[in-house]
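Residue-level structure breakdown
The lines below spell out each chain.
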Amino acid sequence: MTEHAAGANDNVLVIAGHVVKVPRTRVSPGGIPITRFLLDHDSRQMEAGLPREVRCRIAVVASGSDLREAATGLTPGRALRVTGFLARSGYRDSELRIVLHAQRIEYLD
């Protein structure tokens, strides 16, 4: 096992945005509900002392019964804050696309 510098294992993302379209929910072979949706983020951030417009879209995966209730009310345009961690989209994803694995979903409206 290799040693890591302090904080090298940090992987936390908090992002606010709006749900893009109706989420898709399926149940895994192990019986775990998995909801997938896209989140559009739009903000203004400071970078190198200058304001920067930030717009991005990120895929979100909400797994488990704890998040099933929060994901049930997701509709297009709904404002959310999602807290979670980043991981590749699947074990077989050779392009290493990332998705946000939600650990907490907060409604903002």
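Structure: see above.
Residues numbered from 1 in each chain as written. Predicted model: local features only at pLDDT ≥ 70, side-chain atom pairs only at ≥ 80, totals over all residues. Heavy atoms only, no water.

1. Overview of the pattern of salt bridges
Counted only if it meets this: We define a salt bridge as a contact between a side-chain nitrogen of Lys or Arg and a carboxyl oxygen of Asp or Glu at a distance within 4 Å. Accessible area is worked out with a 1.4 Å probe on protein chains only. A residue is then buried under 20% of its type maximum, exposed over 50%, and partly exposed in between.
Taken as a whole, this structure holds seven salt bridges when the rule is applied. Residue Arg44 pairs with Glu53 through a salt bridge whose shortest N-O separation is 3.3 Å. Take Arg44: its relative accessible area is 57%, and that puts it in the exposed class. Relative accessible area serves as the criterion here: at 47%, Glu53 is assigned to the partly exposed category. Here Glu47 and Arg52 are joined by a salt bridge, their closest N and O atoms 2.9 Å apart. Overall, Glu47 belongs to the partly exposed group, its relative accessible area being 43%.

2. What to know about the environment of Ser63
Put simply, the rule is: The way it works is that DSSP assigns letters per residue, a run of H or I at least four long becomes a helix, a run of E at least two long becomes a strand, and they are numbered from the N terminus. Throughout, a residue-residue contact means that at least one pair of heavy atoms, one from each residue, lies within 4.5 Å.
Turning to its location among the elements, Ser63 is positioned in strand β4 (residues 50-63). Its relative accessible area of 34% is what places Ser63 among the partly exposed residues. Expressed as a C-alpha distance, the spacing of Ser63 and Pro33, which sit 30 residues apart in the sequence, is 5.8 Å. Look past the residues within four positions of Ser63 in its chain and what remains in contact with it is Ile32, Pro33 and Ile34.

3. Re the pairing of strand β1 (residues 13-19)
Keep this limit in mind: A strand pair is defined by DSSP finding two or more bridges across the two strands.
Alignment of β1 against strand β5 (residues 79-88), held across six bridges, turns out to be antiparallel. Paired with Ile15 across the two strands is Val82, which belongs to β5. As paired strands, β1 and strand β3 (residues 33-47) are joined by two bridges and run antiparallel to one another. Following the sheet pairing, Val19 is matched in β3 by Leu39.

4. Observations regarding the nonpolar core
The condition that has to hold: Buried Ala, Val, Leu, Ile, Met, Phe, Trp, Tyr and Cys residues form a nonpolar core when they are joined through side-chain atoms within 4.5 Å.
Counting 16 residues, the largest nonpolar core has Phe37, Leu39, Val60, Leu80, Val82, Ala102 and Ile105 as the members making the most contacts within it. Those elements that provide at least two residues to this core are β1, β3, β4, α1 (65-72), β5 and β6 (98-107). Those residues within four positions of Ala102 in sequence are excluded, and the remaining contacts are Val60, Val61, Ala62, Leu67, Val82, Thr83 and Gly84.

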